[in-house]
Amino acid sequence: MEFKAFLIKYAEIGIKGKNRYMFEDALIRQMKFALKEVGDFAIRKQAGRVFVEAKGEFDFDEAVSALQRVFGITGICPTIIEENKDFDHLAEVCCKFIDEQYPDKNRTFKVYGRRADKKYPMNSMEFSAEMGSRILDAFHELKVDVHHPDILLTVEIRDRVYIYSDILKGPGGMPIGTNGKAMLCLSGGIDSPVAGYMIAKRGVRIDATYFHAPPYTSERAKQKVVDLAKKVSRYAGPINLHVVNFTDIQLAIYEKCPHDELTIIMRRYMMKIAEHFAREGGSLALITGESIGQVASQTIHNLAITNEVCGMPVFRPCIGMDKQEIVDIAEQIDTYETSIQPFEDCCTIFVAKHPVTKGNLKIIKRSEEALKDVIDDLMKQAIESVEIIRVSE
Amino acid sequence: MEAYFDNGATTRVFPQVKDIVIEAMEEEYGNPSSMHMKGVKAEQYVKDAREIIAKSLKVDPKEIVFTSGGTESNNMALIGTAMANARKGKHIISTRIEHASVYNPLFFLEENGYEITYLPVDEHGVVDLEALEKAIRPDTILVSVMYVNNEIGAVQPVEEIGKIVKKKNPDTLFHVDAIQAYGKYHIYPRRLKIDLLSVSGHKIHGPKGIGFLYIKDKTKVHPLILGGGQQKGMRSGTENVPGIAGLGKAVQLIYQDHEEKMKKIQAIKDDFIAQVMELSDVRNNSGEAPHIASISFQGVRSEVLLHALEEKGIYVSSGSACSSNKPAISGTLKAIGLTKEYYDSTLRFSFCIFNTKEEVDYTVNCLRELLPILRRFTRK
């Protein structure tokens with residue numbers, strides 16, 4: 001018995017009222033994209049649900065893991081489709097199904113029949129009861145439990161008959177493209193790819209900005225960020241990665257501002273540049289991987305100072321997470337191994353031994369005064385230096 | 001302008017090497033083990049290469065085993081010898097400045113019950129001969145020494161080492177990692193009392209993925225790769241015919257007008273060092289090898305200087321290319337007693353016959369321009 005189809009369950013889309021078709025269409029679009037390399041599938045909406053049906057050969061595990069990267073899906077049910085609706089035939093199929101899927105019969109079960117085809121000679125209740133007793137006859141070890149069954153065998157009688165019991169977990173969230181676009185500040189670290197993933201999960205398209213500082217950072221460090229963007233794009237879809245040369249701004253800050261404020265001031269200019277590209281590309285918010293207190297620049301005081309330069313919302317989905325919680329997600333989305341490659345990034349090259357942890361906005365602004373003759377030109381040059389790489393899986 | 005000064009990492013192939021590789025791929029693509037003409041013709045490439053190599057070492061062609069490169073040669077020399085001679089003893093001697101492809105097999109052997117003695121080196125990276133003599137015991141089965149060190153170009157007194165080893169214990173085998181030395185020197189294993197010699201193709205303008213191990217006749221070495229019994233069972237697997245043909249060609253070419261070639265490389269190195277030493281706060285760690293210059297630039301991180309030179313089209317290594325992927329500190333630079341301020345600031349410039357005086361002048365000019373800027377911006 002081979003699974004040729006999947007019934008896709010989704011949660012929040014179902015409650016979106018008049019916009020529902022838009023969410024469903026986005027979901028189907030993303031599913032098609034994810035399954036493109038797996039095989040030839042027909043995906044269709046039917047009575048408030050989405051069915052994926054294989055038109056040819058495919059690898060089951062590959063298909064499931066592709067679907068598990070599509071935001072909006074909460075459950076994936078591997079399904080058997082039967083053309084022949086004859087009850088005796090269906091009873092045979094259901095028994096075989098139970099036998100193959102559950103070698104250990106020492107369990108409880110329930111049959112959940114749904115008769116959408118009103119011409120069918122039995123109603124849902126009758127069907128469920130009769131099918132349950134057939135299965136009991138076949139396997140004496142099984143017990144019925146209508147409240148908390150181990151196995152919930154669903155049989156839907158529609159144009160054809162759909163049989164499934166198992167629900168594999170989907171990633172949840174909302175389909176990409178249903179909630180606008182945001183600009184991810186992507187470093188080479190562990191947190192920012194996770195932040196991008198978490199916002200993408202809510203249906204947000206992602207662009208990204210990366211700051212490099214040649215010759216202090218290497219071509220390999222940049223390649224690492226491209227690799228990370230690629231990993232995120234497995235979930236988030238294609239990403240426009242903006243690579244900005246930050247060297248001269250950094251050196252100017254290094255020369256003209258107090259050393260212990262270097263990182264904060266640097267981050268303020270990074271935010272401004274990221275915001276520039278966000279507006280240019282139609283993003284409505286920035287995303288960072290910041291988490292309160294993780295490093296000196298992410299104390300609540302310093303986050304407030306960094307935030308101050310930015311005129312759009314800054315999403316920080318990792319803000320309340322511990323490092324290990326972030327690492328767990330990074331491992332789950334397979335960015336961790338890439339993130340821990342030891343290349344220097346531009347935040348670490350000139351970092352002070354004892355950076356300011358409780359920055360004061362007035363003092364920082366006064367320090368920035370020292371840059372006023374050069375900073376506009378440097379910002380302009382940095383913005384002009386951008387290289388945009390379209391990253392997709 | 002472009003200056004490729006990373007020939008210790010790898011070299012550009014000779015055009016004639018490329019030609020013969022293509023020929024062996026497109027025309028004579030047979031399997032040397034096949035019985036038909038296609039096989040015979042492919043086998044001829046292998047035979048020819050083996051003969052050219054044997055001649056360059058003044059040894060017998062049957063003493064050459066082709067491998068996938070220097071790393072495999074070193075692995076085979078160490079692990080293969082240790083396994084085959086375990087009944088005679090389990091003691092091996094090596095030095096503190098070996099390459100990872102020697103160290104890691106030695107660590108593996110240590111974990112498997114062998115005892116390894118690591119000899120110290122002096123401030124020039126040359127092994128302590130007295131310590132060597134004292135270290136050799138009746139149960140010493142192998143002494144393994146690198147001919148030219150890859151990071152600083154220190155040259156070991158291989159001839160004296162061979163004499164000491166064989167005088168103290170004639171049964172002890174002598175392995176030389178000649179990956180940075182072959183092609184630079186005439187190496188005659190019989191005269192130097194060498195039993196095993198590792199060589200890599202891509203350091204001498206040959207292809208990557210090919211090398212050989214010279215194994216003196218009747219030396220007991222256990223093969224590491226088992227299979228169809230190719231190369232007299234010493235290294236199974238269909239021979240890498242294009243690689244072998246390319247390696248043979250590279251050997252032939254590198255030893256043509258050899259003295260002249262080496263003079264040219266030596267002149268480039270000498271000129272470079274003389275010019276670099278005029279800059280302030282630099283230290284010369286270079287050994288005698290004609291192609292390797294190791295220079296420390298005080299107050300500049302080697303990685304930053306490397307990338308700054310890269311922007312100018314100049315390609316070099318920090319420490320050794322093989323160990324610089326890891327943030328670990330270079331073993332050799334530490335072993336010769338360099339202090340912390342220097343070993344984090346050391347670059348390796350390695351030359352070949354394709355390099356020119358113009359490239360040297362250009363590089364030194366770039367250094368003169370870059371160093372003051374980079375020294376202005378350092379980690380506080």
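Scoring rules and cut-offs
Residues numbered from 1 in each chain as written. Chains lettered and ligands numbered in written order. Predicted model: local features only at pLDDT ≥ 70, side-chain atom pairs only at ≥ 80, totals over all residues. Helix = DSSP H or I, 4+ residues; strand = E, 2+ residues; numbered from the N terminus. Rg over C-alpha atoms; globule rule 2.2 N^0.38 Å. Buried ≥ 20, exposed ≤ 12 C-beta atoms within 10 Å, placed from the backbone. Contact = placed C-beta atoms within 7 Å. Pairing = 2+ DSSP bridges. Right-handed = clockwise from strand over helix to strand, strands pointing away. Domains from an automatic or database assignment. Axes fitted to C-alpha atoms, helices over the stretch in contact; angles between N-to-C directions. Nonpolar A, V, L, I, M, F, W, Y, C, P; charged D, E, K, R; others polar. Core = buried A, V, L, I, M, F, W, Y, C linked by C-beta atoms within 7 Å. Expected span 1.5 Å × (residues − 1). Bend = angle between axes of the 7 residues up to and from the residue. Parallel < 35°, antiparallel > 145°, perpendicular 65-115°, else oblique. Left-handed = near helix turned anticlockwise from the far one by under 90°. pLDDT = per-residue confidence, 0-100.

(A) Structural detail: the overall build of chain A. The helix and strand inventory of chain A stands at 13 helices and 15 strands. The C-alpha radius of gyration of chain A comes to 27 Å, more than 25% above the 21 Å expected for a compact globule of 393 residues. C-alpha extents for chain A along the principal axes are approximately 85 × 35 × 35 Å. Expressed as a percentage of its 393 residues, the buried residues of chain A come to 40%. Long-range pairs, those at least 24 residues apart, make up 80% of the contacts in chain A with a sequence separation of at least 6.

(B) Looking closely at the overall build of chain B. Helix and strand counts for chain B stand at 13 helices and 13 strands. Each principal axis of the C-alpha atoms in chain B carries an extent, and together these give about 65 × 55 × 35 Å. Across the 380 residues of chain B, 50% fall into the buried class. Taking the contacts inside chain B whose residues are at least 6 apart along the sequence as the reference set, 74% of them involve residues at least 24 apart.

(C) Fine view of the pairing of strand β5 (residues 140-146) of chain B. Residues and elements named next belong to chain B. A large share of β5 lies buried, amounting to seven of its seven residues. Bridge analysis of strand β3 (residues 91-95) against β5 gives three bridges, and the strand direction is parallel. Across the sheet, H91 pairs through a bridge with T140, a residue of β5. In terms of strand pairing, β5 meets strand β6 (residues 173-177) through five bridges, oriented parallel. If you follow L142 over to β6, its bridge partner there is L173. In this view, the connection linking β5 to its parallel neighbour β6 by way of helix α6 (residues 158-168) has right-handed handedness.

(D) Geometry of the sheet that holds strand β10 (residues 181-185) of chain A. All names here are of chain A. Pairing is mixed in the open sheet, where six strands are placed in the order β14-β13-β10-β11-β12-β15. The two strands at the open ends of the sheet, each matched to only one other strand, are β14 (314-315) and β15 (387-391). As paired elements, strand β11 (residues 205-212) and strand β12 (residues 239-245) share five bridges and run parallel to each other. Within β12, the position partnered with H212 by the bridge is N245.

(E) Spatial organisation of the domain arrangement of chain B. Residues and elements named next belong to chain B. For chain B, the assigned domains read domain 1 (3-11 + 258-376) and domain 2 (15-254). The centre of domain 1, based on its C-alpha atoms, is set 27 Å off from the matching centre of domain 2. Across the contact, 25 residues belong to domain 1 and 23 residues belong to domain 2. Contributions of two or more residues to the side of domain 1 that touches domain 2 are made by β10 (292-297) and α11 (331-335). For the side of domain 1 that touches domain 2, the element with the most residues is α11, which contributes four residues.

(F) Spotlight on the sheet that holds β10(B). Residues and elements named next belong to chain B. Spatial ordering of the open sheet is given by β9-β10-β13-β12, a layout of four strands whose pairing is antiparallel. Of all strands in the sheet, those bounded by a partner on one side alone are β9 (282-284) and β12 (317-318). In this structure, β12 lies alongside strand β13 (residues 346-350), joined through two bridges in antiparallel fashion. Residue S318 lies in a different strand from β13, and its bridge partner there is L347. Strands in contact with helix α9 (residues 258-276) are β9, β10 and β13; relative to β10, the strand with the most contacts, it is inclined by about 10°.

(G) Highlighting the interface of chain A and chain B. The interface of chain A with chain B comprises ten residues on the first partner and nine residues on the second. Its residues placed into classes, the side of chain A that touches chain B shows eight nonpolar, two polar and no charged.

(H) Seen up close, the nonpolar core. I206(A) and L286(A) are the most contacted members of the largest nonpolar core, which has 204 residues in total. Setting aside chain neighbours within four positions, we find L286(A) in contact with A182(A), M183(A), C185(A), M271(A), A274(A), E275(A), A278(A), C310(A), M312(A), V314(A) and F315(A).

(I) Broad picture of helix α13 (residues 357-376) of chain B. All names here are of chain B. Its 20 residues give α13 an end-to-end C-alpha distance of 29 Å, which sits within 8% of 28 Å, the value for a rise of 1.5 Å per residue. In the structure, α13 departs most strongly from a straight axis at L370, where the bend amounts to approximately 30° and where the proline P372 lies between one and four residues downstream. Inspection of α13 places E359, V360, T363, L367, L370 and L371 among the buried residues, and these make up the whole buried set.

(J) Seen up close, the packing of helix α10 (residues 302-311) of chain B against α13(B). All names here are of chain B. Between α10 and α13, whose axes approach to 11 Å, the crossing angle comes to 135°. Between α10 and α13, the angle is such that the two are oblique. Along this stretch, α10 crosses α13, giving a crossing that reads as right-handed. Residues V304, L305, A308 and L309 of α10 lie in contact with α13, whose contacting residues are C366, L370 and L374.

(K) Structural detail: the packing of helix α8 (residues 262-281) of chain A against helix α9 (residues 300-307) of chain A. All names here are of chain A. One way to put it is that α8 packs onto α9 with a least axis distance of 8 Å and a crossing angle of 40°. Considered as vectors, α8 and α9 are oriented oblique to each other. In the crossing of α8 with α9, the sense of the turn from one axis to the other is right-handed. Between α8, through I264, R267, R268 and M271, and α9, the contact on the second element is made entirely by N302, I305 and T306. The class makeup of the residues in the contact of α8 with α9 is three nonpolar, two polar and two charged.

(L) Summary view of the environment of S392(A). All names here are of chain A. Topologically, S392 is positioned in the segment after β15. A residue is classified by how many C-beta atoms lie within 10 Å of it, and S392, with 13 of them, is partly exposed. In the structure, S392 is positioned 161 residues away from K231 in sequence and 8.5 Å away in space, judged by C-alpha atoms.

(M) How the structure looks around unusual backbone geometry. Following P214(A), the chain continues into P215(A) via a peptide bond in cis, with omega recorded as 5°. Note on placement: P215(A) falls in the loop between β11 and α6 (219-236). The residue K58(B) is not glycine, and still its phi comes out positive at about 55°. Topologically, K58(B) is positioned in the loop between α2 (37-57) and β2 (64-67). The backbone of K193(B) shows a phi angle near 60°, a positive value even though the residue is not glycine. Note on K193(B): 19 C-beta atoms within 10 Å, which makes it partly exposed.

(N) Highlighting the domain arrangement of chain A. On domain assignment, one finds that chain A holds domain 1 (5-169) and domain 2 (181-391). In this structure, domain 1 of chain A and domain 2 of chain A have C-alpha centres spaced 44 Å apart.

(O) Quick look at the confidence of the model for chain B. All names here are of chain B. Put simply, chain B has an average pLDDT of 94, and 96% of its residues get 70 or more. Of the regions scoring below 50 in pLDDT, residues 320-329 engages in 17 contacts with residues more than four places distant in sequence or in other chains. Interface predicted TM-score (ipTM) for the complex: 0.77; the corresponding pTM is 0.85.

(P) Structural view of the pairing of β13(B). Residues and elements named next belong to chain B. When you tally the buried positions in β13, you get five out of five residues, the bulk of the element. Sheet topology note: the β10/β13 ladder contains five bridges and is antiparallel. Directly across from I292, in β13, lies its bridge partner S350.

(Q) A look at the environment of D260(A). Residue and element names in this part refer to chain A. By the element assignment, D260 lies in the loop between α7 (247-256) and α8. Residues D260 and P355, 95 residues apart in the sequence, show an inter-C-alpha distance of 4.3 Å. Among residues more than four places away in sequence, those in contact with D260 are A352, H354, P355 and V356.

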